[in-house]
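# Commentary on secondary and tertiary structure
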Amino acid sequence: AQAYDALDNEGRAVYQAYWQGKLSASLSGFRYAEEGQYFLAGFMPQKGDVAVDGGAFDGRTALDFASLGCTVHSFDLDAANFQNVQAACAKNDAIYANNLGLGEKRQRIKYAPQMGASHISASGEMEGEIIDLDSYVDENRVPRIDYIKFDIEGAELAALKGARKTICRWKPK
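Residues numbered from 1 in each chain as written. Predicted model: local features only at pLDDT ≥ 70, side-chain atom pairs only at ≥ 80, totals over all residues. Heavy atoms only, no water.

### Let's talk about the sheet that holds strand 3 (residues 95-98)
If you walk across this open sheet you meet the four strands as 3-2-1-8, and the pairing is parallel. The sheet is open, and its two edges are formed by strand 3 and strand 8 (147-150), each paired on a single side. Taking the axes of each pair of neighbouring strands and ignoring which way they run, one obtains an average angle of 10° across the sheet. One ladder, built from five bridges, connects strand 1 (residues 50-54) with strand 2 (residues 71-75); its direction is parallel. By the bridge assignment for strand 2, Gly54 is matched with Phe75. With respect to the sheet, helix 3 (residues 60-67) is in contact with strand 1, strand 2, strand 3 and strand 8, its orientation differing from that of strand 1 by roughly 170°. (Pairing = 2+ DSSP bridges. Helix = DSSP H or I, 4+ residues; strand = E, 2+ residues; numbered from the N terminus. Axes fitted to C-alpha atoms, helices over the stretch in contact; angles between N-to-C directions. Contact = heavy atoms within 4.5 Å.)

### Some details on the sheet that holds strand 6 (residues 119-120)
Pairing is mixed across the open sheet formed by four strands, whose spatial order is 4-7-5-6. Here the strands that pair on one side only, and so sit at the sheet edges, are strand 4 (101-102) and strand 6. Judged from the two bridges that link them, strand 5 (residues 107-112) and strand 6 form a sheet pairing that is antiparallel. Following the sheet pairing, Ala112 is matched in strand 6 by His119.

### Structural notes on the pattern of salt bridges
Two side chains that carry opposite charge are able to pair once their charged atoms sit near each other. For the coordinates displayed, the defined rule picks out eight salt bridges. Across the salt bridge formed by Arg106 and Glu139, the nearest N and O atoms sit 3.2 Å from each other. With Arg106 in the loop between strand 4 and strand 5 and Glu139 in helix 5 (residues 133-139), this pair connects stretches of sequence that are 33 residues apart. Between Arg144 and Asp146 there is a salt bridge whose closest N-O contact spans 2.9 Å. (Salt bridge = Lys/Arg side-chain N within 4 Å of Asp/Glu carboxyl O.)

### Overview of the pairing of strand 3
Examined bridge by bridge, strand 2 and strand 3 share four bridges and lie parallel to one another. Across the sheet, the residue bridging to His73 is Tyr96, located in strand 3.

See the structure below:
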């Protein structure tokens, strides 16, 4: 009770949403923020930016980035998610959808499919390919990267290592 009383109104709303999500076992209960997911003030992609959407899931975020005037390179390891991304983004020439995960180096891996929570797992029943962002940028002659979003279920550190050259060169948001 002491911790709750010390919070401001927004902090209390976050605290309540956290516990509501924990108690209900509902993922939607965990989400609370004034800004839309991936759209935080000061860290927004802008018109003309080249954006990376790592963990594209259903293509919604790639479409949101494209609606801001960005060129988007979207990635999803999960084959079913990738089909959803393709369907959602098929008519948008600003989105390049890739059925690849992002990691430290290019390799074939096993993963456990779980809709929005698919993740690399040695005991996973599906196989897929991951690529490092540096190789992808070089191989596809991407002119620059201005914005990176990774929501890749625990593979973020490996993906950052695989994007070292890209990050040092362009210092994306």
